[in-house]
Amino acid sequence: MNTTIRRLSIFCLLMFLVLMVNVTWVQGFQAQSILEDPLNRRQFSERLSEPRGPIQVAGENVAYSEDIAEEGKPARYQRFYNEGGLYTPIVGSFRQYGASGIEGAENSLLDGTDDRLAVRNFRDIITGREPEGAQIQLTLNPDVQQAGYDAFAALGDKNGAAVALDPETGAILGAVSYPSYDANEVVSITDEITAVNNYVELENDPRKPLLNRALNERYAPGSTFKVVTAAAAIEYLDAGPDSEQDAPDILSLGVDLPNAMGSCNGGAPDTLAHSIQISCNTSFANWAIDVGGENLSEQASKFGFNPEETLTVPLEVTESYAPVETDRNILGRAGIGQSNVESTPLQMAMVAAGVANDGEVMRPYVVDTVRDSDLSVVTQTSPETYSEAVSASTAEQLTEMMVLVTGTNGSGTNAAIPGIEVAGKTGTAENGTDLTHNWFIGFAPADDPQIAVAVVVEFGGGSGNELAAPIARSMMEAVVQ
Amino acid sequence: MSDTSAPEAPTALPPVKRRNAELVLIILAVVITMVGIAIAGINLNGRVPAATWTVGLTFGAFAVAAHVAMRFVAPYADPLILPCALFLNGVGVAMIWRLNAITTEDIERAGVGMQLVWTAIGLICCFLIIVFMKDPRVLQRYTYISALVALVLLMLPALPGLGHEVYGARLWIKLGPFTMQPSEFAKIALVIFLASYLMSKRQVLQIVGKPIKVGRFTLIELPRARDLAPILVGWVLAIGMLVVLRDLGTSLLLFGTFLAMLYVATQRSSWVTIGLVMFGAGATIAYFLFWHVRARVNIWVNAFDPEVYEQVGGSQQLVQGIVGMAYGGLFGTGIGAGKAHQIFAADSDFILASIAEELGLTGLLAVLMVLLVLVERGMRVALASTGTFNKLLASGMAFVLVYQTFIVLGGVSRVIPLTGSTTPFMSAGGTALMTSWIMMGILLRISDNARRPAPQAIQDEGATQVIRR
């Protein structure tokens, strides 16, 4: 029996050898790649000991790090955020166990480990200077952002989002998601437990304050999508503002489709311009059917729907959909932004901006410049064309028609700014509940657009003009007045 | 294996005690424990904590008391076993103190929970066994009783009302304020049962068989169908544990120990082959039939898949442990200087990952080496002891130690799927510590008996022969 005991002890030795070889592999050879894995949630807390670069809006810090250690103790950097929840949807939060927004998307720049900072890092090693993270300047316009945020706060218990773009560059001037949260509440390194509890509370909040609705929530765009349908009608069918289309009071699309105001033109055919002005449903359903599913979807894609690859600004933007419809009833409803059409607020802002910018959609971006800690520019975003949505003449005709919306007898009079022509389009989207989503998209001034906006009030239950247009107006006023 | 039926001759050993060597090593183990606590305190708080003396010296007192007792009750016992076990126990205590200290408001008030109390209780159990169990062979009488005890202990947590679930595993029972993990004790009962059962049946299991030959070579010697009964029972139990109690750790431990002891007793590798094939087949079938087995395997294979990580009961704990090990690297962060407290169950199931982070690969390998020395000393006790029962008992206990370490560290470092299991002597937890010390008691008793010089016959006036021990 001693033979087998000896063999067993050799077997035991082998088991230990396996363990020893394996831990050597894990700790000796794999360690670096494990540490760099995104699932290493500690890398966020680890870097609390290094100064992290600030995030700025209009030259002012909105997120910055400060050493809170007592004198003589090793540095401990606490992240601070200014302006409460105003910028949180874009700026995000840098927590011990993860990061969101720009804090997450540009983490390697902010903490100084990015390759683009390699030369500087190398220099720091030689000179012995403590490495610091880069600073990030955002494109946000504080006035626009504040106007949008305040307008939502005034509504009180409604959720929603608003996006404002500079049509000429694609720079994101405002990105409001409501409700938001104060990032300071979830990032404390001195009271970790409260920070974690607060975060869990936010995660479980039914109003989803952690969700950036401006970029990452899809809604049926409703009548605001008629701008896309009108663009397709002009581009593919050579229609114009005066082209007429059947506009019955009720159109049979499987289930009857009525008009919001009852009648568009007393049941007679209605012009494209008038249909936009008062937001006629039946004529636009007919336009969509005439344009055809493929063309309508293609036109939407030219504005940025159905993207082949995920758009990043550098935050990831959720895809918006306008699929090819073959069924007449579904296609008709797609023409008025219902059925399978779904859009993020940013996407609808891109539609408005595309029309405003002579048909050319600029690639949206929110990071303007990245500066090294010595303030030398590391990267500067230059505007680039995202797509050619429509021809300049089509854009001009669309603008002409959209201006009617905010004029006398238009459907979006609440967005009108005295002395300035505002182009717009309202939307009141059915969503299967009693409370509709209320939209407004538009830009101003119509002849020299400086800002394009899209606003959605989630389950607003009113009309686009009633709830969304005033928000859009205050955001536009922040730039044009 | 021609010498199978030859009587086992005890390996002759000179009657050396080496108790002084034991004392030196024990003092070293205690000093390492105290230094561990001291460095942890310096890293956490900037100065040597009082616990260095309170915890360290209490532990030291226990250790020296154990040594002194050994001089009287088991002077010939192996001198390496006690220091190795105390070293592991001490490193565990230091680590547990460090992990408690970070969550305690005032570091000077941090303790080690019940770990010192359990160490004392474990040592007392060890002592009582050495004193009162003069010859472990008395345990042979309780073959089937120990089988029954093992079964009952394994099944206790499944009882409603008594069972207590922690982190999804139903391994504990709750008696008033105490929670216990009866499957720990079951290991001892199981080894006792196997040793006595195999001792009486080994001849049959050993000899009768039907060789299956390929040409001149014997491929495998198949046992008779009826002799397969015990292995079948063991297999059903192991698979039952896996499926009903969802406890892969105990299932592996049960069946592995069973196969190892079967092999030692019968010297037939065919048993092991048959057993492994059966377990493999059973586990494969369980994999396809039961989602919780699949989940375990999935966590093991795809630990670093973000989706698996985010799942409830996903790979988060495993990844945290591995990340900790990665932070440790070759030399560790230093005890108290790392973030081992962020590892899940850092003081129990994942204590080796905590060690790996703060003491590095170097420290982990040192701990493993001491464990290996302890185990090989256990095997040595088996070799040196007389009688089949003692040999089986000693080698069985040594194997349980190795195997348990393999299951827990193999799980933590992804050699095998992760299963909840304790690390011998180190994990926080009373039952496990007590069990380990009871096993040491049995080993030390066998060792003392084996190494004690044979009684000498003295001729004294006339015909009466007096035996002096």
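Anyway, here's the lowdown on the structure attached to this text. (Residues numbered from 1 in each chain as written. Chains lettered and ligands numbered in written order. Predicted model: local features only at pLDDT ≥ 70, side-chain atom pairs only at ≥ 80, totals over all residues. Heavy atoms only, no water.)

## A word on the environment of Ala-233 of chain A
Residue and element names in this part refer to chain A. Where we set the bar: Where helices and strands are cited, they refer to DSSP runs of H or I of at least four residues and of E of at least two residues respectively, numbered from the N terminus. Only protein chains enter the accessibility calculation, which uses a 1.4 Å probe. A residue is then buried if its area is under 20% of the maximum for its type, exposed if over 50%, and partly exposed in between. For this analysis, residues touch if any pair of their heavy atoms sits within 4.5 Å.
Here Ala-233 is to be found in helix α10 (residues 226-237). A relative accessible area of 0% means that Ala-233 is categorised as buried. With 59 residues separating them along the chain, Ala-233 and Gly-292 place their C-alpha atoms 9.7 Å apart. Residue contacts for Ala-233: discarding those within four places in its chain leaves Asp-238, Ala-239, Trp-287 and Val-291.

## Concerning the interface of chain B and chain A
The condition that has to hold: Two parts placed together each lose some accessible area; with a 1.4 Å probe, that loss summed over both constitutes the buried area. For salt bridges, the criterion is a side-chain nitrogen of Lys or Arg within 4 Å of an Asp or Glu carboxyl oxygen. Here a polar contact means two N or O atoms within 3.5 Å. Within protein one must be a hydrogen donor candidate and the other an acceptor candidate, and residues neighboring in sequence count only if both atoms are side-chain atoms. Each residue gets one label: Ala, Val, Leu, Ile, Met, Phe, Trp, Tyr, Cys and Pro are nonpolar, Asp, Glu, Lys and Arg are charged, and the others, such as Gly, are polar.
In this complex, chain B contributes 59 residues to the contact, which on the side of chain A involves 35 residues. Across the chain B to chain A interface the summed buried area is about 4100 Å²; carbon plus sulfur atoms make up 71%. In this assembly, chain B and chain A are joined by 0 salt bridges. At the junction of chain B with chain A, the criterion picks out 8 residue pairs in polar contact (both at pLDDT 80 or more). Every element with two or more residues in the side of chain B that touches chain A is listed here: α8 (248-266), α11 (306-310), α12 (316-328), α13 (351-384) and α14 (388-412) of chain B. If you tally residues by element for the side of chain B that touches chain A, the top one is α13 of chain B, at 15 residues. When its residues are assigned to classes, the side of chain B that touches chain A shows 37 nonpolar, 13 polar and 9 charged.

## What about the environment of Ile-471 of chain A?
All names here are of chain A. Mapped onto the elements of the fold, Ile-471 is located in helix α17 (residues 464-480). Considering only alpha carbons, one finds Ile-471 and Ala-147, 324 residues apart in sequence, at a separation of 7.7 Å. Those residues in contact with Ile-471 that lie beyond four places of it in its chain are Gly-148, Ala-151, Phe-152, Leu-155, Val-455 and Val-457.

## Digging into a negative patch on the surface
This is how the line gets drawn: Patches here are clusters of residues that have more than 30% relative accessible area and form no salt bridge, with a 9 Å joining cutoff for like charges and a 5 Å cutoff for nonpolar side chains (Val, Leu, Ile, Met, Phe, Trp, Tyr). Note on areas: Shrake-Rupley with a 1.4 Å probe; residue coverage comes only from the protein chains shown. Charge counting follows a simple rule: Lys and Arg are positive, Asp and Glu are negative, and His as well as the terminal groups are ignored. We put the charge of a Lys on NZ, of an Arg on CZ, of an Asp on CG and of a Glu on CD.
Negative charge collects at one region of the surface, where Glu-168, Asp-242, Glu-244, Asp-358, Glu-396, Glu-400, Glu-421, Asp-447 and Asp-448 of chain A lie side by side. Position of Glu-396 of chain A among the secondary structure elements: in helix α16 (residues 392-406).

## Section: the packing of helix α5 (residues 143-155) of chain B against helix α6 (residues 182-207) of chain B
All names here are of chain B. Filter applied, for reference: Geometry is summarised by axes, namely lines fitted to C-alpha atoms with helices restricted to the contacting stretch, and by angles between N-to-C directions that run from 0 to 180 degrees. Our angle categories are set so that under 35 degrees counts as roughly parallel, over 145 as roughly antiparallel, 65 to 115 as roughly perpendicular, and the remainder as oblique. For any helix crossing, the convention is left-handed if the near helix is rotated counterclockwise from the far helix by under a right angle, and right-handed if that rotation is clockwise.
The interhelical angle for the contact between α5 and α6, taken along N-to-C directions, is 150 degrees, at an axis separation of 8 Å. With respect to α6, the axis of α5 lies roughly antiparallel. Every pair of crossing elements has a handedness; the one defined by α5 and α6 is left-handed. Between α5 and α6, the residues in contact are Thr-143, Tyr-144, Ser-146, Ala-147, Val-149, Ala-150, Leu-153 and Leu-154 and Pro-182, Ser-183, Phe-185, Ala-186, Ala-189, Leu-190, Ile-192, Phe-193, Ser-196, Tyr-197 and Lys-201, respectively. Residues of the contact of α5 with α6, tallied by class, amount to 14 nonpolar, 4 polar and 1 charged.

## A short note on the packing of aromatic side chains
Residues and elements named next belong to chain A. Operational definition: Two aromatic rings, drawn from Phe, Tyr or Trp (for Trp, its six-membered ring), form a pair once their centres lie within 6.5 Å of each other, and the interplanar angle then sorts them: stacked below 30 degrees, edge-to-face above 60, tilted otherwise.
Considering all chains together, one arrives at 15 aromatic pairs over all chains under this definition. A ring pair is formed by Phe-225 and Phe-305, whose centres lie 5.5 Å apart and whose planes are at 80 degrees; its orientation type is edge-to-face. One end of the pair, Phe-225, is in the loop between α9 (213-216) and α10; the other, Phe-305, is in the loop between α13 (293-303) and α14 (328-334), and 80 residues separate them in sequence. Residue class for Phe-225 comes out buried when judged on its relative accessible area of 0%. With relative accessibility at 1%, the residue Phe-305 sits in the buried group.

## Quick word on the sheet that holds strand β2 (residues 60-67) of chain A
All names here are of chain A. Rule in force here: Two strands pair if DSSP finds at least two bridges between them.
Ordered in space as β3-β2-β1-β6-β14-β15, the 6 strands form an open sheet in which the pairing is mixed. Looking at strand neighbours, the two that pair on one side only are β3 (77-81) and β15 (377-380), the edges of this open sheet. With direction set aside, neighbouring strand axes in the sheet form an average angle of 20 degrees. In this structure, strand β1 (residues 55-57) lies alongside β2, joined through 3 bridges in antiparallel fashion. Paired with Ile-55 across the bridge in β2 is Ala-63.

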